[in-house]
Amino acid sequence: MTTLTPRELELLQLVHDAPGLTRTSAAARLGAGSGTVTTLVRSLVEQRLLDEGPAEQSGGRGRPTRRLVPHPEGPVVLAGSVEHERWRVAVVELGSGVLEVETGRHAGGPALVSAVARGVAVLRGRFGARVRGMGLALPGLVHGSTLVDAPLLGVGGVDWASVWPGGGPVVVGNDATLAALGEARRGAATDADLHLHLLLDAGIGGAVTVHGTVLEGANGAGGEFGHMPLGDPGVRCHCGAWGCWTVAVGGESLASLLGERAPRTSVTYSREVIARAQGGDTAAATAVEVVAASLGRGIAGLVNALDADLVTVGGLAPEVIATAPDVFAAAYRRGLMHHRQASPPRVVEARLGEDAALQGAAEHAWTAVWPSL
Ligand SMILES: [Zn+2]
């Protein structure tokens, strides 16, 4: 293990944020002379943390400069994500490049924890001491490294730090929270000041980021926007509260609107209803419009409360909005306070898709690893 000077760490983090950055622009961003940057780069290359690309012209009359890239034998982190039917563990280098992935399908239960632990062990075996830490995104309520409540996985109460054999920090977070972090650092929200990310799948959850840092709450359980009473006050949510928004925008709500049986696999059912709506089924279209309106109203309320300048939506939300764009837009606009209506904050599709939580888990791990690099 090495000990970096503050300046070395600063340069390393610059390259992490913008891999391929030239020496010239690194000097400008650090406010340092080219001699200082040359010394910093030499030291980081010797420590196998950075590498340099071939020399190239830096501009008009510019002198040659070189691009700063991750060292091929440099440190990596593992980033894991458990999704509804599959798990993945990726090896992520400085700058967020994914080098290798272990993945498998799962049906929940204790076998899932051991499968992820085996994936971690395989990658630790291949990358050895280069692996410095791990981040893990889980679909449920996370407290510390324990998944407190995850009815879909059937493995509540498990301490997921157990999949990591040690030798560096392991950090665990909720998938929607880490997806927000991924979008803020690597996706559609890199330029936002205060960004709201919402993920709609079996329910709706999300998180807020401020200048690229996610607000996790005191116990890492922030962002449970789905459990605000924006739904029908007469309907009880599985969480114990009445009127939760997550119920109003989930598959059960679509089933109830269509007079169909409550779905066992909510995400698949919602996807089917959206496809039916897009295919011209008017009853399905009306049901999707009700959900789109609820989404628009809820997002407007959150924008009012948080003063967000950008909203990213992932999971099923972009499809719901695309199926009923006018209904969504009208509900969003009507829910905004007067002073926001002239230029409503943009609501855009999350860019990283299913990789958002994985990338967020990697970022979470890097943040934990920096002090010990
Ligand atoms: Zn609830």
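Coordinates for the structure precede this section.
Given the structure is predicted, the values throughout are model-derived calculations rather than measurements.

*Asks:* Help me get a handle on helix 2 (residues 23-30), residues and values and all.
*Replies:* The α-helix winds at 3.6 residues per turn, so residues separated by three or four positions along the chain end up facing the same way. Taken residue by residue, helix 2 has Ala 26, Ala 27 and Leu 30 as its buried positions. Taken end-on, helix 2 shows its buried residues confined to a sector of 100°, consistent with a single buried face. Seen from the buried face of helix 2, the exposed residues on the opposite side, beyond 90 degrees, are Ala 28 and Arg 29. Where the residues of helix 2 are buried, they touch helix 1 (6-17), helix 3 (34-46) and strand 2 (64-70).

*Asks:* Residue-level account of the side chain of Ser 294, with values.
*Replies:* Relative to the assigned elements, Ser 294 resides in helix 9 (residues 282-306). Excluding residues that lie within four positions of it along the chain, Ser 294 makes contacts with Trp 245, Ala 248 and Val 249.

*Asks:* Outline the coordination of the zinc ion, listing residues and values.
*Replies:* Looking at the zinc ion, one finds its protein donor set to be His 227 (ND1), Cys 237 (SG), Cys 239 (SG) and Cys 244 (SG), positioned 1.9 to 2.4 Å from the metal centre. Geometry at the zinc ion is tetrahedral, judged from the four donor atoms that bind it and their angles of 104 to 114° at the metal. Each donor residue of the zinc ion belongs to the same chain, with the gaps between them written as H-x9-C-x1-C-x4-C. Each member of the pair Cys 237 and Cys 244 is classed as buried.

*Asks:* Tell me about the packing of aromatic side chains, and name the residues and values.
*Replies:* Applying the stated criterion across every chain yields a total of two aromatic pairs. Between Phe 328 and Tyr 332 the ring centres are 6.0 Å apart and the planes differ by 15°, which places this aromatic pair in the stacked class. Of the two residues, Phe 328 and Tyr 332 both sit in helix 11 (residues 325-335), four residues apart, roughly one turn of that helix. The aromatic ring of Trp 164 is capped on one face by Arg 124, whose charged end is 4.5 Å from the ring centroid.

*Asks:* Can you tell me about the environment of Gly 296, naming the residues and giving the values?
*Replies:* Tracing the backbone shows Gly 296 in helix 9. Put simply, Gly 296 and Arg 66 are 230 residues apart on the chain and 47 Å apart in space, counted from C-alpha to C-alpha. Leaving out residues up to four positions away in the same chain, Gly 296 has contacts with Phe 328, Ala 331 and Tyr 332.

*Asks:* I'd love a proper account of the sheet that holds strand 13 (residues 213-214), names of residues and values included.
*Replies:* Overall, mixed pairing links the five strands, which are arranged 13-12-11-14-15 in an open sheet. Lying at the two open borders of the sheet, with one neighbouring strand each, are strand 13 and strand 15 (346-349). Taken together, the six bridges between strand 11 (residues 194-200) and strand 14 (residues 310-315) define a ladder with parallel strand orientation. Bridged to Leu 199 within strand 14 is Gly 314. On the sheet, helix 5 (residues 175-186) packs against strand 11, strand 12 (204-210), strand 13 and strand 14 and is oriented at approximately 40° with respect to strand 12.

What counts and how
Residues numbered from 1 in each chain as written. Predicted model: local features only at pLDDT ≥ 70, side-chain atom pairs only at ≥ 80, totals over all residues. Heavy atoms only, no water. Buried < 20%, exposed > 50% of the residue type's maximum accessible area, 1.4 Å probe, protein only. Helix = DSSP H or I, 4+ residues; strand = E, 2+ residues; numbered from the N terminus. Arc of directions from axis to C-beta. Contact = heavy atoms within 4.5 Å. Donors = N, O, S within 2.8 Å, 3.2 Å for Na, K, Ca; no water. Tetrahedral: all angles 85-135°; square planar, octahedral: opposite > 155°, others 65-115°. Phe/Tyr/Trp six-rings, centres within 6.5 Å; stacked < 30°, edge-to-face > 60°. Lys NZ or Arg CZ within 6 Å of the ring centre and 35° of its normal. Pairing = 2+ DSSP bridges. Axes fitted to C-alpha atoms, helices over the stretch in contact; angles between N-to-C directions.

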